[in-house]
Amino acid sequence: QLQAVESGGGLVQPGGSLRLSCAASGFTKNYYGIGWFRQAPGNVREGVSCISTVDDYIRYADSVKGRFTISMDNAKNMVYLEMNSLKPEDTAVYYCATYTMGCEVWVYGRWGQGTQVTVSS
């Protein structure tokens, strides 16, 4: 099955940083946004960030604005999430995903296997 491959997760102390990478070559190109959602145990999926594939629009969840930065390398078909000033509540499995409705709506089409991010002292 074609899918993305996420990497870069790990254990980090509060206030630390991580950079997640998404190899998105397994995704089809027929989507309007790509980015990340996360899911902590027992919680629902939470959209984290999205970058539009048709314009320059970038969206972040309110909880991560000012701390996370999404970027894309189209030539390499890679998507990145730079996470700074991490908080324990950021602990979750992070998934790279397509957004079928564009970045205005957190609706996911395809996603990868996820990478665990744990923020703890």
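Residues numbered from 1 in each chain as written. Predicted model: local features only at pLDDT ≥ 70, side-chain atom pairs only at ≥ 80, totals over all residues. Heavy atoms only, no water.

K.L.:
Is there a simple way to explain the nonpolar core in this structure?
P.N.:
Considering soluble globular proteins, one finds that nonpolar side chains tend to be buried as a cluster. By size, the foremost hydrophobic cluster in this structure holds 27 residues, and its most contacted members are Trp-36, Phe-68, Leu-81, Met-83 and Tyr-94. At the level of secondary structure, the elements contributing two or more residues to this core comprise β3 (18-23), β4 (33-39), β5 (46-52), β7 (68-73), β8 (78-83), β9 (92-99) and β11 (115-119). Not counting residues up to four positions away in its chain, the partners in contact with Tyr-94 are Glu-6, Leu-20, Trp-36, Phe-37, Arg-38, Val-48, Phe-68, Leu-81, Met-83, Gly-114, Thr-115 and Val-117. (Core = buried A, V, L, I, M, F, W, Y, C linked by side-chain atoms within 4.5 Å. Buried < 20%, exposed > 50% of the residue type's maximum accessible area, 1.4 Å probe, protein only. Helix = DSSP H or I, 4+ residues; strand = E, 2+ residues; numbered from the N terminus. Contact = heavy atoms within 4.5 Å.)

K.L.:
What is the right way to read the side chain of Arg-67 from this model?
P.N.:
Structurally, Arg-67 can be placed in the loop between β6 (58-60) and β7. Since its relative accessible area comes to 10%, Arg-67 is described here as buried. Here Ser-63 takes part through its backbone oxygen, which lies 2.8 Å from a polar atom of the side chain of Arg-67. Aside from chain neighbours lying at most four places away, what touches Arg-67 is Glu-82, Met-83, Asn-84, Ser-85, Leu-86, Lys-87 and Asp-90. (Polar contact = N/O pair within 3.5 Å; in protein donor to acceptor, adjacent residues only side chain to side chain.)

K.L.:
Whenever I open this one, the sheet that holds strand β1 (residues 5-7) confuses me. Can you help?
P.N.:
One key point about sheets: their strands pair by backbone hydrogen bonds, in either a parallel or an antiparallel sense. Strand order in this open sheet of 4 strands is β1-β3-β8-β7, and the pairing throughout is antiparallel. Edge positions in the open sheet fall to β1 and β7, since each of these has one partner strand only. Mean inter-strand twist for the sheet, computed between neighbouring axes without regard to direction, equals 15°. Of the pairings in the sheet, the one linking β3 to β8 comprises 6 bridges and is antiparallel in character. From the neighbouring strand, Cys-22 faces β8, where its bridge partner is Val-79. (Pairing = 2+ DSSP bridges. Axes fitted to C-alpha atoms, helices over the stretch in contact; angles between N-to-C directions.)

K.L.:
Explain a nonpolar patch on the surface to me, please; I cannot follow it from the model alone.
P.N.:
A cluster of nonpolar side chains, contributed by Met-101, Val-105 and Val-107, occupies part of the molecular surface with about 240 Å² of accessible area. Residue placement: Met-101 occurs in the loop between β9 and β10 (108-111). (Patch = residues over 30% accessible without salt bridge, like charges linked within 9 Å, V, L, I, M, F, W, Y side chains within 5 Å. Areas by Shrake-Rupley, 256 points an atom, 1.4 Å probe, with all protein chains shown as cover. Salt bridge = Lys/Arg side-chain N within 4 Å of Asp/Glu carboxyl O.)

K.L.:
Looking at this model, I keep getting lost on unusual backbone geometry. Mind explaining?
P.N.:
Excluding glycine, residues mostly have negative phi values, and the peptide bonds linking residues are mostly trans. A positive phi angle is found at Asn-77, which is not glycine, with a value near 55°. For Ser-85, which is not glycine, the phi torsion reads 50° and is therefore positive. Inspection of the secondary structure assignment puts Ser-85 in the loop between β8 and β9. The class for Ser-85 is partly exposed, based on a relative accessible area of 41%.

K.L.:
Sorry, what's going on with the state of the cysteines here?
P.N.:
Covalently bonding the sulfur atom of one cysteine to the sulfur atom of another cysteine gives a disulfide. Evaluated as defined, the whole model comprises 2 disulfides. Paired by a disulfide, Cys-22 and Cys-96 hold their sulfur atoms 2.0 Å apart. Taking the sign of the torsion about the S-S bond as the criterion, the disulfide between Cys-22 and Cys-96, at about -75°, is left-handed. You can see Cys-22 sitting in strand β3 and its partner Cys-96 sitting in strand β9, a full 74 residues away along the chain. Cys-22 gets classed as buried once you look at its relative accessible area, which sits at 0%. Each sulfur of the disulfide joining Cys-50 and Cys-103 lies 2.0 Å from the other. Between Cys-50 and Cys-103 the sulfur-sulfur dihedral comes to about -70°; the bridge is accordingly left-handed. A residue pair is termed long-range when its members are at least 10 positions apart, and Cys-50 in strand β5 and Cys-103 in the loop between β9 and β10 qualify at 53 residues. For the pair Cys-50 and Cys-103, a shared accessibility class is recorded, and that class is buried. (Disulfide = S-S within 2.5 Å.)

Remember that the coordinates give geometry; whether it matters functionally is a separate question.
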